[in-house]
Amino acid sequence: MLNRLDDMLSFHTQALRVRDQRQQVLASNIANADTPDYKARDLDFKSALQGALKGASAAGGTTLATTTPGHLAGKPGLGADSGLLYRTPAQGSVDGNTVDMDAERAAFADNAIHYEFNLTRISQQIKGMLAVIQG
């Protein structure tokens, strides 16, 4: 029974995790808009979500090893550089910075809207389950 409940929620929870990581990358780009030679990065959401749904990290399916019985089994997330791609600048800059603030703001807002959708969807699923349980 718990496996079925977990399966119902797993897609949106994994999507939330990937969206959160993408939001952090986009915020880092915006924060470094004036840093010389900073290269804007982004996360390929589709491939990162597919990796997360398969139970692997975006780095290509590595899992955490437990070498001693006392070790805790962990769920690998996206590493600092795993799955990140460099953005192609629309226009070069003198200082080598590739952050396009308009593109970054648009991507940030779009990601935030999708994040809110996933939160709403999980909330609706939980409310539906509670309604079934309560009768």
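Per-chain numbering applies: the sequence of each chain, read as written, is numbered from 1 onward. In view of the model being predicted, local features appear only for residues whose pLDDT reaches at least 70, and side-chain atom pairs are presented and counted only at 80 or more, with totals across whole chains, interfaces and linings using the full set of residues. Remark: hydrogens and water are excluded; side-chain values derive from all non-hydrogen atoms of the structure.

Draft legend 1. Representation of the overall build of the protein in the model. Segments assigned H or I by DSSP are reported as helices when at least four residues long, segments assigned E as strands when at least two residues long, and all are numbered from the N terminus. Scanning the protein from terminus to terminus reveals 3 helices and 2 strands. Its helices and strands in sequence order give the protein the pattern α-β-α-β-α, from N to C terminus. Remark: exposure states derive from per-residue accessible area (1.4 Å probe, protein chains only) relative to the maximum for the residue type, with buried under 20%, exposed over 50%, and partly exposed in between. When burial is assessed residue by residue, the protein has 29% of its 135 residues classed as buried. Only carbon and sulfur atoms are counted for the fraction: they give 57% of the accessible area of the protein, which is about 9100 Å². Shrake-Rupley sampling with a 1.4 Å probe provides the accessible areas, and residues are treated as covered by the protein chains on show and by no other component.

Draft legend 2. Structural context of the confidence of the model for the protein. Per-residue confidence from the prediction method is given by pLDDT, with values spanning 0 to 100. Per-residue pLDDT for the protein averages 83, and the proportion of residues at 70 or more is 84%. With pLDDT under 50 throughout, residues 56–62 is counted as low confidence; its partners more than four residues away or in other chains account for 11 contacts. Here, residues are in contact when the closest pair of their heavy atoms is within 4.5 Å.

Draft legend 3. Representation of the pattern of salt bridges within the structure. When a carboxyl oxygen of Asp or Glu lies within 4 Å of a side-chain nitrogen of Lys or Arg, that pair is called a salt bridge. Enumeration over the complete set of coordinates arrives at 4 salt bridges. One salt bridge connects Asp-42 with Arg-22, and the closest N-O pair in it is separated by 2.9 Å. Here Arg-22 lies in helix α1 (residues 2–31) and Asp-42 lies in strand β1 (residues 41–43), a separation of 20 residues in the sequence. Neither residue differs from the other here; Asp-42 and Arg-22 are each classed as buried. Taking the shortest distance from any N to any O, the salt bridge between Glu-104 and Arg-87 comes out at 3.0 Å.

Draft legend 4. Just α1, in detail. Working rule for helices: expected span equals 1.5 Å times residues minus one. With 30 residues, α1 should reach 44 Å at 1.5 Å per residue; the first-to-last C-alpha distance of 42 Å fits that figure. Bending of α1 peaks at approximately 45 degrees at the position of Ser-10. Buried within α1 we find Leu-9, His-12, Gln-14, Ala-15, Leu-16, Val-18, Arg-19, Arg-22, Gln-23, Val-25, Leu-26 and Asn-29. Fitting one axis to the seven residues ending at a residue and another to the seven starting there, the bend at that residue is the angle between the two axes.

Draft legend 5. Summary view of the side chain of His-12. If you trace the backbone, His-12 turns up in helix α1. What makes His-12 buried here is its relative accessible area of 9%. Beyond its immediate chain neighbours, meaning those up to four positions away, His-12 contacts Phe-117, Asn-118, Arg-121, Ile-122 and Gln-125.

Draft legend 6. Seen up close, the environment of Gln-23. Looking at the secondary structure, you find Gln-23 in helix α1. Exposure remark for Gln-23: the relative accessible area of 16% places this residue in the buried category. Counting along the chain gives 92 residues from Gln-23 to Tyr-115, while the straight-line C-alpha distance between them is 9.1 Å. Those residues within four positions of Gln-23 in sequence are excluded, and the remaining contacts are Phe-108, Asn-111 and Ala-112. In protein, a polar contact means a hydrogen-donor-capable atom and an acceptor-capable atom, both N or O and within 3.5 Å, with residues adjacent in sequence counting only if both atoms are side-chain atoms; elsewhere, any N or O pair within 3.5 Å suffices. A polar atom in the side chain of Gln-23 sits 3.5 Å from the backbone oxygen of Phe-108.

Draft legend 7. Up close: the nonpolar core. Residues belong to one nonpolar core when they are buried, are Ala, Val, Leu, Ile, Met, Phe, Trp, Tyr or Cys, and are joined through side-chain atoms within 4.5 Å. One finds Ala-15, Val-18, Val-25, Leu-43, Phe-45, Ala-48, Leu-49, Ala-52 and Leu-84 forming the largest nonpolar core, which totals 9 residues. At the level of elements, α1 and α2 (45–53) are the ones that each hand at least two residues to this core. Among the elements that make up this core, the one with the highest residue count is α2 (4 residues). Val-25 has contacts with Arg-41, Asp-42 and Leu-84, leaving out every residue within four places of it along the chain.

Draft legend 8. Region of the structure containing unusual backbone geometry. For Asp-37, which is not glycine, the phi torsion reads 65 degrees and is therefore positive. Among the structural elements, Asp-37 can be located in the loop between α1 and β1.

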